[in-house]
Amino acid sequence: MAETSNFSLSVIDRKILRALQGDGRMTVQALAEGVGLSPSPCLRRIRQLEAAGIISGYSANVDQKAVGLPVSVFISIKLERQRARELDAFGAAISRWPEVMECYLMTGQFDFLLRVVCADLEAYEHFLREKLTQVEGVASIESSFSLGQVKHSRVLPL
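These numbers were taken from a predicted model, which means no experiment stands behind them.

Criteria and cut-off values
- Residues numbered from 1 in each chain as written.
- Predicted model: local features only at pLDDT ≥ 70, side-chain atom pairs only at ≥ 80, totals over all residues.
- Heavy atoms only, no water.
- Salt bridge = Lys/Arg side-chain N within 4 Å of Asp/Glu carboxyl O.
- Buried < 20%, exposed > 50% of the residue type's maximum accessible area, 1.4 Å probe, protein only.
- Phe/Tyr/Trp six-rings, centres within 6.5 Å; stacked < 30°, edge-to-face > 60°.
- Helix = DSSP H or I, 4+ residues; strand = E, 2+ residues; numbered from the N terminus.
- Axes fitted to C-alpha atoms, helices over the stretch in contact; angles between N-to-C directions.
- Parallel < 35°, antiparallel > 145°, perpendicular 65-115°, else oblique.
- Contact = heavy atoms within 4.5 Å.
- Nonpolar A, V, L, I, M, F, W, Y, C, P; charged D, E, K, R; others polar.

## What to know about the pattern of salt bridges
Link 1 in the chain: For the structure shown, the criterion picks out seven salt bridges.
Link 2 in the chain: Here R83 makes a salt bridge to E86, at a shortest N to O gap of 3.0 Å.
Link 3 in the chain: With a relative accessible area of 41%, R83 lands in the partly exposed category.
Link 4 in the chain: Judged by its relative accessible area of 18%, E86 is buried.

## Description of the packing of aromatic side chains
By convention here, two paired aromatic rings are described through the distance between centres and the angle between planes.
Link 1 in the chain: Within the structure shown, the criterion is met by four aromatic pairs.
Link 2 in the chain: Both rings, one in Y124 and one in F145, keep their centres 5.3 Å apart while their planes meet at 85°; by these two values the pair is edge-to-face. Residue Y124 is found in helix α5 (residues 121–130), and its partner F145 is found in strand β4 (residues 138–145); the two are separated by 21 residues along the sequence.
Link 3 in the chain: According to the relative accessible area criterion, Y124 is buried, its value standing at 5%.
Link 4 in the chain: Since its relative accessible area comes to 39%, F145 is described here as partly exposed.
Link 5 in the chain: Here the aromatic residues W97, Y124, F127 and F145 are joined through ring pairs into a cluster of three or more.

## Structural notes on the packing of helix α1 (residues 11–22) against helix α3 (residues 39–51)
Link 1 in the chain: α3 packs onto α1 with a crossing angle of 80° between their chain directions and a minimal axis gap of 11 Å. Here α1 is positioned roughly perpendicular relative to α3, judged by the angle of their axes. Judged by residue contacts, I12, D13, I16, L17 and L20 of α1 engage C42, R45, I46 and L49 from α3.
Link 2 in the chain: Along the lines of polarity and charge, the residues of the contact of α1 with α3 split into seven nonpolar, no polar and two charged.

Everything listed is a geometric property; what it means functionally is a separate question.
See the structure below:
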């Protein structure tokens, strides 16, 4: 990925990004018309945004309930020590687990916040016992189950 610190977003770049966040499958022709460019310069700008790492990829949004993963669990983790070696080791361990959808290094009372998806409570218990509690250096685990999703967006306010 290229360095983004020297990349300055133009008004057109922001229009392109807003449009692609709304529909990543739109054709270059439709995108160009929507942002007021011809297709060639529009495609060139998309490639520049990709090369700069501003557009980091394209994906489909999949409904977790529709694929049998209705349970979302937010897990707060406190490590025994907060040295770089322990933080990195924990990050490496959880990065291998497909159930972990997001992981954030945090300030405050806990060191990490994870969002985990699973099919049911039994699947979560298996994840907890067979994976999470096996990581060296974990001092405490606090789980909170989501009762429902109020808002979810992957669209940045550009």
